[in-house]
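Okay, here's what each chain looks like letter by letter:
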Amino acid sequence: MTTHVPGDALVSLNAVNKHYGQLHVLKDINLQVRKGEVVVVIGPSGSGKSTLCRAINRLETIEGGTISIDGKVLPEEGKELAQLRADVGMVFQSFNLFAHKTILENVTLGPIKVKGVAKAAADKDAMALLERVGVGHQAPKLPAQLSGGQQQRVAIARALAMKPKVMLFDEPTSALDPEMINEVLDVMVQLAKEGMTMIVVTHEMGFARKAADRVVFMADGQIVEDATPEEFFTNPKSDRAKDFLSKLLTH
Amino acid sequence: MDVILENLPLYWNGFLRTLFLSAVSGVIALVLGTLLAAARVSPVAALRGFSTVYVEVLRNTPLTIAFFFAAIVLPRLGVKFEQFEVAAIIALSTYTAAFIAEAVRSGVNSVPVGQAEAARSIGMNFGQVLNLIILPQALRTVIPPLINILIALVKNSSVAGAFFVLELFGYGRQLANANGDAVIPVLLGVAFFYLLLTVPLGILASTVERKVAIAR
């Protein structure tokens with residue numbers, strides 16, 4: 001898995017810094033993600049990996065440095081930011097499906113309201129996406145009627161409906177019961193195979209091995225290692241990573 | 001009780017005036033209050049500041065002051081109106097809007113923050129997030145306090161009677177003056193007609209509350 005798809009960086013973070021009060025959560029982060037690349041971000045909790053993921057579509061503001069998507073620097077607020085966000089799909093730990101909308105409406109709302117797609121076309125696309133993630137028959141239900149795994153797959157379909165350039169996953173399986181984790185990971189592996197650019201914050205090492213082009217290891221707000229999964233899991237260089245991996249294996 | 005039956009047309013007239021005052025002020029207050037709540041949660045600091053000051057000033061001063069401003073101060077500032085009803089509607093709606101803004105704001109805060117984040121992440125702007133995602137979900141928690149505020153509005157409209165507006169309470173006072181021997185029945189009649197407005201509101205509240213319930 002060492003083959004990198006050639007091309008310029010689709011997502012580029014340069015010297016990104018952020019504080020939460022006294023806590024320096026992101027310290028001089030530099031990260032380039034090319035088109036078609038799957039980057040898995042791992043690290044102990046509190047290492048800043050979720051913050052990093054959320055900063056990429058400006059759900060978290062940053063204090064220093066720049067983040068650019070496909071060559072465009074993230075705008076501060078307003079219309080340009082909304083437009084840029086439409087190009088960046090986001091999948092949350094807690095799914096965040098719109099609780100008052102049906103599964104189908106959850107997926108069609110963005111295309112219809114943000115992109116101005118006609119309802120019939122949006123419905124057709126949405127049904128195809130829902131079928132693809134295996135929840136087509138749930139279309140008329142409300143989110144609360146679905147299992148966590150199903151909800152998360154709908155959330156992936158909702159993000160894909162905007163035809164994003166890159167997909168961000170913020171611990172997508174952390175809130176799921178163990179038996180539902182695989183159904184979500186399978187969808188993500190499939191997506192990775194199809195060439196989607198993905199940044200995935202996760203604790204699923206199996207996914208990292210299987211689907212990642214690069215593993216980024218974060219600790220204390222810094223990127224400590226940036227390597228292929230093979231390299232990272234068999235021969236971690238830093239003590240911090242060795243320590244982290246050893247703790248994973250003992251349980 | 002004869003005094004009520006004999007003056008039924010007068011009561012009915014007062015009832016309709018109160019209904020009119022409450023309905024018009026209620027609609028204006030709902031719109032204004034929702035806008036104020038939106039301003040309160042908006043990303044623009046100036047809007048947030050304006051909304052906060054407005055709500056704090058209006059809800060922490062007596063309604064009578066609002067009436068004095070609308071009926072006496074506004075005309076001196078050059079805002080003229082033909083009827084005192086207009087002043088009453090201005091006072092009632094601006095005053096009630098402050099309470100509605102607070103109720104709507106608490107409803108907005110009751111919607112999990114992830115809903116807004118998900119909406120923003122698919123490219124929605126502030127207005128879309130609020131109108132399509134947050135407010136429809138906030139409605140459920142907001143209905144009961146909102147109806148309470150509207151019930152208070154119906155009763156508050158009686159203050160207009162002191163400012164030359166003839167509504168239910170104003171007519172009641174006239175009747176009481178004219179029928180010194182039957183003050184208690186007259187006032188019971190007034191109370192009855194107020195209940196005719198407020199009790200259905202309460203019933204409406206519980207019906208709507210059940211209908212808009214959202215499972216989570």
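A quick note: this is a predicted structure, and the numbers were derived from the prediction, not measured.

**Digging into the confidence of the model for chain B**
- Per-residue pLDDT for chain B has a mean of 89; in total, 97% of the residues score no lower than 70.
- The ipTM assigned to the predicted complex is 0.89, against a pTM of 0.83.

**Topic: the packing of helix 6 (residues 113–121) of chain B against helix 7 (residues 126–156) of chain B**
Residues and elements named next belong to chain B.
- The N-to-C vectors of helix 6 and helix 7 enclose an angle of 160 degrees; their axes lie 10 Å apart at closest approach. Overall, the two elements helix 6 and helix 7 adopt an arrangement that is roughly antiparallel. The handedness of the crossing between helix 6 and helix 7 comes out as right-handed. Of the residues in helix 7, those touching helix 6 at Gln115, Ala116, Ala119 and Arg120 are Val129, Ile133, Ile134 and Gln137.
- Here the residues of the contact of helix 6 with helix 7 are counted per class, giving five nonpolar, two polar and one charged.

**Points about the interface of chain A and chain B**
- Chain A puts 22 residues into the contact, and the matching count from chain B is 18 residues.
- Counting each side, the surface lost to burial between chain A and chain B is near 1,800 Å², with a carbon and sulfur contribution of 65%.
- At the surface where chain A touches chain B, the tally comes to one salt bridge.
- Of the charged contacts, one joins Arg54 of chain A and Glu117 of chain B as a salt bridge, the two residues approaching to 2.6 Å between their closest N and O atoms.
- The interface formed by chain A and chain B contains seven residue pairs in polar contact (both at pLDDT 80 or more).
- Those elements that place two or more of their residues in the side of chain A that touches chain B are helix 2 (78–86), strand 6 (88–91) and helix 3 (103–113) of chain A.
- Residues belonging to the side of chain A that touches chain B are distributed by class as follows: 13 nonpolar, four polar and five charged.

**A word on the pairing of strand 3 (residues 38–42) of chain A**
All names here are of chain A.
- The buried fraction of strand 3 amounts to five of the five residues, a majority that puts the element mostly inside the structure.
- Pairing of strand 3 with strand 8 (residues 197–201), which is carried by four bridges, proceeds in the parallel orientation. Note that in strand 8 the partner of Val38 across the bridge is Met198.
- In this structure, strand 3 lies alongside strand 9 (residues 214–219), joined through four bridges in parallel fashion. Within the sheet, the bridge partner assigned to Val40 lies in strand 9 and is Val215.

**Digging into the pattern of salt bridges**
- With the rule as written, the count across this model stands at 21 salt bridges over all chains.
- Note that Glu60 of chain A is salt-bridged to Lys18 of chain A, the shortest N-O span being 3.9 Å. Here Glu60 of chain A, found in the loop between helix 1 (49–55) and strand 4 (64–69), pairs with Lys18 of chain A, found in strand 1 (residues 9–20); they are 42 residues apart in sequence, far enough to count as distant. Exposure class is identical for Glu60 of chain A and Lys18 of chain A. Each is buried.
- Linking Arg17 of chain B and Glu85 of chain B is a salt bridge whose minimum nitrogen-to-oxygen distance equals 2.6 Å. Of this pair, Arg17 of chain B sits in helix 2 (residues 8–41) while Glu85 of chain B sits in helix 5 (residues 84–110), placing them 68 residues apart in sequence.
- Taking relative accessible area as the criterion, Glu85 of chain B reaches 17% and is therefore assigned buried.
- When salt bridges that share partners are traced, they join Arg40, Glu56, Arg59, Glu102 and Arg105 of chain B into one network.

Parameters and conventions
- Residues numbered from 1 in each chain as written.
- Chains lettered and ligands numbered in written order.
- Predicted model: local features only at pLDDT ≥ 70, side-chain atom pairs only at ≥ 80, totals over all residues.
- Heavy atoms only, no water.
- pLDDT = per-residue confidence, 0-100.
- Axes fitted to C-alpha atoms, helices over the stretch in contact; angles between N-to-C directions.
- Helix = DSSP H or I, 4+ residues; strand = E, 2+ residues; numbered from the N terminus.
- Parallel < 35°, antiparallel > 145°, perpendicular 65-115°, else oblique.
- Left-handed = near helix turned anticlockwise from the far one by under 90°.
- Contact = heavy atoms within 4.5 Å.
- Nonpolar A, V, L, I, M, F, W, Y, C, P; charged D, E, K, R; others polar.
- Buried area = accessible area lost by both parts, 1.4 Å probe.
- Salt bridge = Lys/Arg side-chain N within 4 Å of Asp/Glu carboxyl O.
- Polar contact = N/O pair within 3.5 Å; in protein donor to acceptor, adjacent residues only side chain to side chain.
- Buried < 20%, exposed > 50% of the residue type's maximum accessible area, 1.4 Å probe, protein only.
- Pairing = 2+ DSSP bridges.

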